Amino acid sequence: LDKKGDHTPVLASSLEEVGHMTKLVDNLFLLAKLDQGEVLHKEPIQIDQLISKIVDSYATMFKEKGIIVAINASPFTVKGDAHKIERALRNIVHNAYMYTDSGTITISGTIQNTKYRVSIKDTGIGIKKSNISYVFDRFYKGDHSRTHTTSSGLGLSITREIIRAHGGDVQIYS
């Protein structure tokens with residue numbers, strides 16, 4: 001309460017915390033469903049168009065940080081759960097955005113046999129070699145100097161589980 005008895009700041013803070021907790025519970029629920037082998041709702045996805053859609057949704061944020069994004073994605077249709085594939089790609093693009101203050105993010109999509117390989121490279125701060133083996137662990141946030149307070153440490157775990165559920169794999173090089 002402020003001196004006038006206004007509850008607005010306390011309510012706003014409480015509402016923000018409820019939002020964070022809701023997101024955390026939703027993320028844990030998704031991981032639990034993926035752990036149990038949730039049935040994926042597979043449909044044809046034009047993956048190169050999905051990549052462009054995700055990048056377009058970040059356009060203003062990229063511009064504000066002075067980040068130039070280059071996309072070189074070969075046209076390809078995959079069969080998968082569109083919502084979950086989009087979530088996995090958004091997680092990785094978001095991480096590239098969060099840890100790149102300025103510079104470039106390059107997103108490539110290439111066809112390899114019957115699979116599609118997405119590669120995202122950025123000029124951000126990178127990940128310490130000693131932390132790479134942990135980045136997919138649940139709740140792992142890495143180096144405290146690069147941890148954002150709103151992060152639950154679940155994004156890359158979710159990404160890995162979604163990609164694995166689709167028969168793929170995720171790797172990080174830094």
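Quick note: structure is the one above.
The structure displayed is predicted, hence computed values, not measured ones.

(A) Up close: helix α5 (residues 155-165). Burial analysis of α5 places 8 of its 11 residues in the buried class, the great majority of the element. Among the residues of α5, those classed as buried are L156, S157, I158, T159, R160, E161, I162 and I163. G167, located one to two residues past α5, shows a positive phi value of around 85°.

(B) Summary view of helix α2 (residues 47-57). Along α2, the positions that sit buried rather than exposed are I47, D48, L50, I51, I54 and V55. An end-on view of α2 places all buried positions within 160° of arc, on one side of the element. The exposed residues of α2 that point more than 90 degrees off its buried face are Q49 and D56.

(C) Geometry of empty space enclosed by the protein. Considering all chains together, one arrives at 1 cavity of 30 Å³ or more under this definition. Size it by volume and the largest cavity reaches roughly 40 Å³. Lining the largest cavity, in full, are I51, I54, V55, L89, V93, I107, V118 and I120. Top element by residues in the lining of the largest cavity is α2. It accounts for 3 residues. Partitioning the lining of the largest cavity into residue classes produces 8 nonpolar, no polar and no charged.

Criteria and thresholds
- Residues numbered from 1 in each chain as written.
- Predicted model: local features only at pLDDT ≥ 70, side-chain atom pairs only at ≥ 80, totals over all residues.
- Heavy atoms only, no water.
- Buried < 20%, exposed > 50% of the residue type's maximum accessible area, 1.4 Å probe, protein only.
- Helix = DSSP H or I, 4+ residues; strand = E, 2+ residues; numbered from the N terminus.
- Arc of directions from axis to C-beta.
- 1 Å grid on protein atoms, 1.4 Å probe; cavity = no way out; pocket = protein on both sides within 12 Å on 5 of 7 lines; lining within 4 Å.
- Points joined across faces, edges and corners; volume = space filled by probe spheres on them.
- Nonpolar A, V, L, I, M, F, W, Y, C, P; charged D, E, K, R; others polar.

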